[in-house]
There are 2 protein chains.
Amino acid sequence: MSAGPVLAGPDGRIPDMSAQRRKGGEVMAPIRVGLLGCGVVGTEVVRQLQTQADDLTQRVGAPLELVGIAVRRAKRIPEKAAELGVPESLFTTDSAELVTRGCDVVVEVIGGIEPARSLILSAMEHGASVVSANKALLAEDGATLYAAAEKHGVDLYYEAAVAGAIPLLRPLRESMVGDQVHRVLGIVNGTTNFILSRMHETGAGFTEALEEASALGYAEADPSADVEGFDAAAKAAILASLAFHSRVTAADVYREGITEVSAADVASARDMNSVIKLLAICELSPDGSTIGVRVHPAMIPRSHPLAGVGDAFNAVFVEAEAAGQVMFYGRGAGGGPTASAVLGDLVAVARHKVVGGRGPGESAYAQLAVRPMGETITRYYICLDVAEKPGVLAQVAAAFAEHGVSIQTVRQHGHADDATLVVVTHRAPDSALAATVAHLRTMDAVRAVASVMRVEGDLES
Amino acid sequence: MSAGPVLAGPDGRIPDMSAQRRKGGEVMAPIRVGLLGCGVVGTEVVRQLQTQADDLTQRVGAPLELVGIAVRRAKRIPEKAAELGVPESLFTTDSAELVTRGCDVVVEVIGGIEPARSLILSAMEHGASVVSANKALLAEDGATLYAAAEKHGVDLYYEAAVAGAIPLLRPLRESMVGDQVHRVLGIVNGTTNFILSRMHETGAGFTEALEEASALGYAEADPSADVEGFDAAAKAAILASLAFHSRVTAADVYREGITEVSAADVASARDMNSVIKLLAICELSPDGSTIGVRVHPAMIPRSHPLAGVGDAFNAVFVEAEAAGQVMFYGRGAGGGPTASAVLGDLVAVARHKVVGGRGPGESAYAQLAVRPMGETITRYYICLDVAEKPGVLAQVAAAFAEHGVSIQTVRQHGHADDATLVVVTHRAPDSALAATVAHLRTMDAVRAVASVMRVEGDLES
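Residues numbered from 1 in each chain as written. Chains lettered and ligands numbered in written order. Predicted model: local features only at pLDDT ≥ 70, side-chain atom pairs only at ≥ 80, totals over all residues. Heavy atoms only, no water.

Q: Talk me through the overall build of chain A; I want residue IDs and the actual numbers.
A: Along chain A, the regular secondary structure elements total 17 helices and 18 strands. Counting every position in chain A, which comprises 461 residues, the buried fraction comes to 60%. The contacts of chain A with a sequence gap of at least 6 include a subset with a gap of at least 24, amounting to 73%. Split by element, the accessible area of chain A, about 17,000 Å² in all, is 50% carbon and sulfur. Charged side chains in chain A number 39 positive and 55 negative. The centres of these two groups are separated by 4 Å. (Helix = DSSP H or I, 4+ residues; strand = E, 2+ residues; numbered from the N terminus. Buried < 20%, exposed > 50% of the residue type's maximum accessible area, 1.4 Å probe, protein only. Contact = heavy atoms within 4.5 Å. Areas by Shrake-Rupley, 256 points an atom, 1.4 Å probe, with all protein chains shown as cover. Lys, Arg positive; Asp, Glu negative; His and termini not counted. Charge placed at Lys NZ, Arg CZ, Asp CG, Glu CD.)

Q: Go over the interface of chain A and chain B with me, naming the residues and quoting the values.
A: Listed per partner, the contact involves 69 residues of chain A and 70 residues of chain B. Of the roughly 6,300 Å² buried between chain A and chain B on both sides combined, carbon and sulfur atoms contribute 54%. Run the count over chain A and chain B and you get two salt bridges. Of the charged contacts in the structure, one is a salt bridge between Glu174 of chain A and Arg170 of chain B, with a shortest N-O distance of 3.7 Å. The interface formed by chain A and chain B contains 18 residue pairs in polar contact (both at pLDDT 80 or more). Going through the elements one at a time, helix H1 (4-7), helix H2 (17-23), helix H4 (53-60), helix H7 (116-125), helix H8 (135-152), helix H9 (169-175), strand E12 (324-331) and helix H15 (335-355) of chain A are the ones with two or more residues in the side of chain A that touches chain B. A breakdown of the residues in the side of chain A that touches chain B according to their chemical character gives 30 nonpolar, 20 polar and 19 charged. Where E12 of chain A lies against strand E12 (residues 324-331) of chain B, three bridges are found, and the strand directions are antiparallel. (Buried area = accessible area lost by both parts, 1.4 Å probe. Salt bridge = Lys/Arg side-chain N within 4 Å of Asp/Glu carboxyl O. Polar contact = N/O pair within 3.5 Å; in protein donor to acceptor, adjacent residues only side chain to side chain. Nonpolar A, V, L, I, M, F, W, Y, C, P; charged D, E, K, R; others polar. Pairing = 2+ DSSP bridges.)

Q: Describe in detail the domain arrangement of chain A, supporting the description with residues and values.
A: Residue and element names in this part refer to chain A. Here chain A is partitioned into domain 1 (27-164 + 338-355), domain 2 (169-330) and domain 3 (373-455). Each of domain 1 and domain 2 has a C-alpha centre, and these two points are 28 Å apart. Taken together, the contacts link 17 residues of domain 1 with 17 residues of domain 2. At the boundary of domain 1 with domain 2, total buried surface from both sides reaches about 1,300 Å², with 60% on carbon and sulfur atoms. In this assembly, domain 1 and domain 2 are joined by three salt bridges. Among the salt bridges present, the one from Asp345 reaches Arg170, with a minimum N-O distance of 3.0 Å. Here domain 1 and domain 2 share seven residue pairs in polar contact (both at pLDDT 80 or more) between them. For the side of domain 1 that touches domain 2, the elements supplying multiple residues, two or more each, are H8, strand E6 (156-157) and H15. Of the residues forming the side of domain 1 that touches domain 2, the biggest block, seven residues, is contributed by H8. Tallied by class, residues from the side of domain 1 that touches domain 2 come to twelve nonpolar, one polar and four charged. (Domains from an automatic or database assignment.)

Q: How would you explain the relation of the copies chain A and chain B if you had to name every residue and give the values?
A: For the pair chain A and chain B, the best superposition has an RMSD of 0.0 Å and corresponds to a rotation of 180° with a translation of 0.0 Å parallel to the axis. Taken together, these values place the two copies in the relation of a two-fold axis. Distance from the rotation axis, computed per C-alpha, reaches its smallest value in chain A at Gly357 of chain A: 1.7 Å. Residue by residue, 100% of the interface of chain A is reproduced at the interface of chain B, so both copies engage with the same surface. (Least-squares fit on C-alpha atoms with pLDDT ≥ 70 in both.)

Q: Can you explain the environment of Ala250 of chain B? Please cite residues and give values.
A: Residues and elements named next belong to chain B. Position of Ala250 relative to the elements: it lies in the loop between helix H13 (230-244) and strand E8 (254-255). Here the alpha-carbon distance between Ala250 and Ala339, two residues 89 residues apart in the chain, equals 24 Å. Among residues more than four places away in sequence, those in contact with Ala250 are Ala139, Ala234 and Ala237.

Q: Outline the pairing of strand E16 (residues 419-425) of chain A, listing residues and values.
A: Residues and elements named next belong to chain A. Counting buried residues along E16, seven of its seven residues qualify, which places the element largely inside the surrounding structure. A two-sided burial pattern is seen for E16, the buried positions comprising Ala419, Leu421, Val423 and Thr425 on one face and Thr420, Val422 and Val424 on the other. The pairing of strand E14 (residues 377-386) with E16 spans six bridges and is antiparallel. Bridge pairing in E16 places Cys383 opposite Val422. By the bridge criterion, six bridges tie strand E15 (residues 407-413) to E16 in an arrangement that is antiparallel. In the strand pairing of E16, His413 is matched with Thr420.

Q: Summarise the pattern of salt bridges; cite the residues concerned and give the values.
A: Two side chains with opposite charge may pair up if their charged atoms get near one another. Considering all chains together, one arrives at 50 salt bridges over all chains under this definition. Arg117 of chain A is the partner of Glu114 of chain A in a salt bridge, and the nearest nitrogen-oxygen pair spans 3.1 Å. Take Glu114 of chain A: its relative accessible area is 41%, and that puts it in the partly exposed class. Linking Arg183 of chain A and Glu456 of chain A is a salt bridge whose minimum nitrogen-to-oxygen distance equals 2.7 Å. Of this pair, Arg183 of chain A sits in strand E7 (residues 181-187) while Glu456 of chain A sits in the segment after strand E18 (446-455), and the two are 273 residues apart along the sequence. Just as Arg183 of chain A is buried, Glu456 of chain A falls in that class too. Here the residues in one salt-bridge network are Glu159, Arg170, Glu174 and Asp345 of chain A together with Glu159, Arg170, Glu174 and Asp345 of chain B, joined through shared partners.

What follows is the structure, encoded as structure tokens:
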């Protein structure tokens with residue numbers, strides 16, 4: 001059987017049925033879009049809605065009509081309206097009213113927990129699908145948002161919440177949903193990656209590198225969400241939820257930022273032909289019964305693919321049973337990249353409004369528990385200042401053995417009063433490794449624990 | 001307003017509404033799946049359907065029931081049934097009958113144009129959504145399949161057709177659909193990447209490296225689809241169609257394979273601190289009015305991110321207006337990775353059968369024309385054996401100038417009868433570059449054009 005002739009038009013060409021479906025001879029009613037927030041991302045969203053209007057109409061199957069833009073301060077409206085070339089009347093400071101105005105889709109790019117959550121819930125109650133870039137809210141209370149979306153029969157999409165323009169959540173939610181994900185590991189915060197990259201390039205300390213990041217606009221006025229790891233932890237919670245079909249909130253994530261990473265740590269890493277990166281790691285336990293979710297600086301060998309991810313770029317590996325290892329790389333932040341992800345979601349949910357259907361809802365059936373950090377199996381790099389006396393190495397080795405930690409390599413540098421022991425362990429429970437370090441700090445033979453860092457990948461010794 | 005208390009259960013926890021929606025107290029009717037083909041990929045699909053049955057049921061919202069497996073030869077059935085632990089009665093050699101059996105989804109992993117096309121069209125006519133891994137068919141006649149899917153209100157998904165387990169088509173069709181893609185560039189054929197990688201590592205010629213690839217199972221008995229670039233060209237057509245919302249078929253793609261790549265070319269690349277890769281390149285012309293789609297070997301600098309993609313891996317860059325550059329990397333072939341992509345699609349289309357809705361149909365509204373290769377702007381590396389006589393360089397330079405090709409660098413090696421000129425050009429229309437090479441071949445001063453290769457990225461000179 002060949003359907004060619006049956007389906008082809010009189011000219012022998014197959015007509016583009018998608019266009020026909022969308023238009024069907026009549027003009028489609030526009031999809032009403034309300035925008036909450038007009039900062040860097042919101043501004044870029046409005047720009048793209050303008051410059052790409054015709055393409056977006058074709059891709060959605062109906063025009064996207066921006067019905068309102070909610071901003072916090074009235075006095076910014078004239079300037080914003082002029083900048084974007086839209087009437088001032090499009091702006092409002094009453095975001096609560098905007099979401100009740102019969103929007104088909106509400107785009108939320110204000111961030112933070114409240115009022116974002118209340119606005120999203122109200123928008124859904126009034127029949128709007130929601131596109132959000134709000135990692136903090138999704139990581140803290142995604143379940144409430146999903147439940148409301150389910151109740152009101154609308155979509156909840158948030159690709160922009162993790163890794164900006166890099167398609168990562170849709171691949172996890174949809175492309176790899178037939179596979180068993182074992183591990184998600186990556187660099188998901190651009191600010192800290194920039195800072196660590198600069199520390200490696202220039203030998204600068206953390207404070208100096210942070211100042212440079214601020215001057216270049218890579219760090220916010222209050223950088224704590226980034227440098228303390230809160231931003232990465234929220235993203236890790238979202239990634240773990242999707243990868244393992246379980247509810248994981250930001251509070252479940254073990255978190256260490258980069259404020260304690262010193263120039264000496266960076267120098268140590270260089271000596272080991274390694275670099276320090278802030279990693280987000282979500283992994284299934286070997287028996288599949290629990291998951292570990294953590295964010296912390298880690299030493300990785302220069303040969304590791306993540307070692308070359310510089311500047312403010314993001315990169316994430318997903319390891320799955322059948323797929324093997326898949327990597328995603330790109331710009332994780334910034335107005336353009338984030339707007340790209342928001343608009344992709346906007347097209348998807350608008351298309352659902354036109355042709356029917358809904359995207360996947362919450363998938364948390366597996367209900368896997370998050371195991372405590374102490375039970376996580378990891379490896380440490382430890383650098384000790386020791387007295388060069390006979391028997392010191394034996395005493396140090398005994399301390400590791402006492403806690404059941406096996407040493408992979410040990411190197412001794414210097415002599416007399418200036419000796420250094422560099423130890424890289426085999427894999428062990430994090431609690432045993434932490435207890436070993438605490439023990440080492442109490443030993444007379446150990447002058448100082450100069451550097452402690454978790455290790456991912458195989459360091460050269 | 002806070003919807004927390006309204007939505008939470010008596011225990012204060014938000015119930016997992018997704019599970020509730022799916023089950024609603026009653027047992028969902030199974031989704032009937034017919035499988036066409038039980039080779040490497042089909043076998044792995046059946047295995048995953050068995051080992052992951054419970055997870056897939058939860059993710060789809062209903063159990064997936066394999067209702068039949070069509071194979072070509074009856075005599076293989078007992079062996080296959082035993083290998084997979086399924087009854088022989090599940091198998092059939094009557095694929096045409098299987099697709100009329102009231103399947104909800106038909107998975108096609110037999111490849112080739114016919115009978116795959118007729119089977120898919122018949123399946124759709126009988127109400128089945130289709131998941132296919134068939135790049136050749138999609139690239140030759142995707143429009144017919146899309147039109148049939150549209151007519152019968154079913155889904156057509158084919159993530160596995162390009163880059164195996166790497167989520168690439170869904171990101172292009174959905175995640176990045178709100179953005180303007182400028183360029184897709186990548187390594188999409190694992191066999192040729194393995195062969196070229198071996199030629200670089202060992203200095204082997206093409207034939208020798210192909211033999212090694214065959215011995216290791218990386219190349220098929222008839223390797224022409226891979227080494228002549230047909231496989232990559234089909235994938236390029238699919239990528240260009242999705243990226244530029246236009247109909248591009250395999251016949252539109254300029255194609256050169258790797259059979260002419262010599263050990264001398266590889267040595268030349270090494271001298272330039274470069275590597276040779278078979279690239280698929282889909283790009284919008286600068287004015288956005290046409291697209292170029294091509295597959296050919298190219299010299300890229302070792303510093304280029306694609307240079308490090310070794311073995312049989314695939315990697316693809318997508319460059320878009322707002323997103324910037326995004327990269328996808330992973331295993332592009334093999335039973336496991338391909339099955340992973342097939343199962344992701346299977347879950348998606350099965351979910352649509354359960355909860356309603358359909359994925360995106362064909363998007364070809366832009367109808368951009370494919371420009372001829374001669375109009376494509378590219379760069380050449382040219383290595384000439386010349387007589388070392390005064391004035392040779394001037395004659396050669398004049399030939400380039402005559403065709404309007406500007407030289408970026410020229411290096412002269414050796415002397416007397418054994419001189420070599422290495423020329424790297426600036427960007428120029430491919431036709432001008434080709435005409436220059438043809439001209440050079442006619443010149444007395446040029447003994448031989450030893451190597452010609454297109455160049456991507458900035459070579460060090």
